[in-house]
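# Structural features, examined
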Amino acid sequence: MMFRIYVGKRRNCRGLVELSLRFRCGRVDQRASTNLWIPPVVPDKAAGGCRGKGVAVSACNGVPGCDVIPADASAERARLMRMMVYVEEAYFALRGKGIDRGWLADTIDRFNEAERPRLSAGRTVVTDLIDDFMEATWSPDCSESRTVSYALMRRSVARFEEFRRLRVARYSLTVERLDDVSLRALENFMLREDVWVRRYPRLVSGAGLEGLTRARSRNTVNDRMKLLKAVMNWAVKTGRITGNPFDTYVSGRNVYGTPVYLTLEERRRIETCDLSAHPKLALQRDLFVFQCCVGCRVFDLMSLSKSNIVDGELIYVARKTRGESPQTIRVPLNRTASEVLRRYAGLAGDSLFPAVSSKVCYNAAIKEILKLAGIDRKVLVINPLTREAECRRLYETGSSHMARRTFIGNIYKKFKDQRLVSELSGHAAGSNAFARYREIDSDMRREMVESIE
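Note that the structure is a prediction, hence the values are computed from the model and not measured. (Residues numbered from 1 in each chain as written. Predicted model: local features only at pLDDT ≥ 70, side-chain atom pairs only at ≥ 80, totals over all residues. Heavy atoms only, no water.)

Okay, the overall build of the protein chain next. Along the protein chain, the regular secondary structure elements total 15 helices and 9 strands. Looking at the protein chain as a whole, 43% of its 453 residues are labelled buried. Long-range pairs, those at least 24 residues apart, make up 64% of the contacts in the protein chain between residues at least 6 apart in sequence. Entry remark: accessible area of the protein chain is about 24500 Å², with carbon and sulfur atoms responsible for 50%. (Helix = DSSP H or I, 4+ residues; strand = E, 2+ residues; numbered from the N terminus. Buried < 20%, exposed > 50% of the residue type's maximum accessible area, 1.4 Å probe, protein only. Contact = heavy atoms within 4.5 Å. Areas by Shrake-Rupley, 256 points an atom, 1.4 Å probe, with all protein chains shown as cover.)

So, on to the packing of helix α13 (residues 400-415) against helix α14 (residues 418-425). The geometry of α13 relative to α14 is characterised by a closest axis approach of 10 Å and an angle of 150 degrees between their N-to-C directions. Between α13 and α14, the angle falls in the class roughly antiparallel. Crossing hand, α13 versus α14: right-handed. Every residue of α14 that contacts α13 at Arg404, Phe407, Ile408, Ile411 and Tyr412 is listed here: Gln418, Val421, Leu424 and Ser425. (Axes fitted to C-alpha atoms, helices over the stretch in contact; angles between N-to-C directions. Parallel < 35°, antiparallel > 145°, perpendicular 65-115°, else oblique. Left-handed = near helix turned anticlockwise from the far one by under 90°.)

We now examine the sheet that holds strand β6 (residues 313-317). On the basis of which strands lie adjacent, the open sheet formed by 3 strands has the order β5-β6-β7 and antiparallel pairing. In this open sheet, the two strands that pair with only one neighbour each are β5 (309-310) and β7 (328-332). As defined by bridge partners, β5 adjoins β6 across 2 bridges and the pair is classed as antiparallel. Residue pairing across strands places Val310 opposite Glu313, the latter belonging to β6. (Pairing = 2+ DSSP bridges.)

Let us now look at the packing of aromatic side chains. Under the defined criterion, the tally for this structure stands at 16 aromatic pairs. Seen from their ring centres, Phe290 and Phe353 are 5.2 Å apart, and the 65 degrees between their planes marks the pair as edge-to-face. Taken as a pair, Phe290 in helix α9 (residues 280-294) and Phe353 in the loop between α11 (335-343) and α12 (359-372) lie far apart in primary sequence, 63 residues in all. The residues Phe290 and Phe353 share a single accessibility class, namely buried. Pairwise contacts between aromatic rings join Phe3, Phe23, Tyr91, Phe92 and Trp103 into one cluster. (Phe/Tyr/Trp six-rings, centres within 6.5 Å; stacked < 30°, edge-to-face > 60°.)

On to the nonpolar core. In this structure, Ile270, Phe288, Phe290, Phe353 and Leu370 are the most contacted members of the largest nonpolar core, which totals 51 residues. Considering each element in turn, this core owes the most residues, 9 residues, to α9. Residue contacts for Phe290: discarding those within four places in its chain leaves Leu301, Leu304, Leu333, Ala337, Val340, Leu341, Leu352 and Phe353. Formed by 32 residues, the second largest nonpolar core is a distinct cluster that contains Val175, Val197, Val231 and Trp234. (Core = buried A, V, L, I, M, F, W, Y, C linked by side-chain atoms within 4.5 Å.)

Right, dumping it as structure tokens:
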């Protein structure tokens, strides 16, 4: 009988790597994930490890090669030992009977279920529950935006807990404490988190608390509370808690103004804008124009490669939804998009465009490009912090997502069919979010009414 431990090369949202276990005995040879996560290790070549390809350490008679587990992961080492004993006992109980494919994975699941902490065993700390959720639901297909969103939500919860400790030194935010009142208190803290952080620097000192904080809109806070609700729903379904504290909580409603996007004439003015005096903006202008022609999100834009272009079409799977409802999106390239690609056809490597330093720099460049191109008509927008309508110049509202709105808004204005446009944008059929990209303007209203004369 032999066990073999493997250390994965992929990291989760907390920078940890997962252990997997291989069990061999006679004709039985199976491998399965353990849901045990440890800090990354640098393999020792003498132990047969190879960086980037995982680590394998043999273990006989139920004693694992513990050198692969860092010294500060003693709890994981002890749990792995218990897991191996559990697997051995389950195997001996089945001797003489057939062992099906997937037996090891099922056995490990039963072990984890047996060791899962129950509500009756003590208090369930909310941040620990969020950590469990992020580890259990993480996969290589998870989008970067999803991972970042849950990490930021967790940080706000941890800061709220630290904020309460200013008055109650040993305060701990547990599921048992969560009710409608405490959820409202958490919501109000998030709305003024930037104020409290400036007033009490202690809130950003410590593991899991660091990072910059700026004023947040009501929409952002609503979205973070929805993420926490998703964690609680998962905890109820998996038996970690018995009741959902969100059952009596009514979340706020997100408010969006009329979508603002470029007209085709304005987009062409950007294409022909002379940026010879601003050579650093030329690449960002090409990226923005290309994005206006294909409608992808900025995360997808930055990861496009030459292999995504097939027979004059852009073919990709949106990173935002690939872990939940992956859908292959096909967008035929028009003349403008093809012309942009020809400028970078000789680029070395597989990337479609040269690298851009960051999304923040890209958004700042878009505002400057729009201003240089004279895109300064006045538009009415909703201030996300005050929720009041404000009149601003169009270049002031420029961002990478304006390119996606420009793509969707102009196509919808011509075809007036959400189902057809969703085929190009990647929205689900009947998506409520689609309304944030298209505008029913006076011309469309007039055409609809005239169609029944």
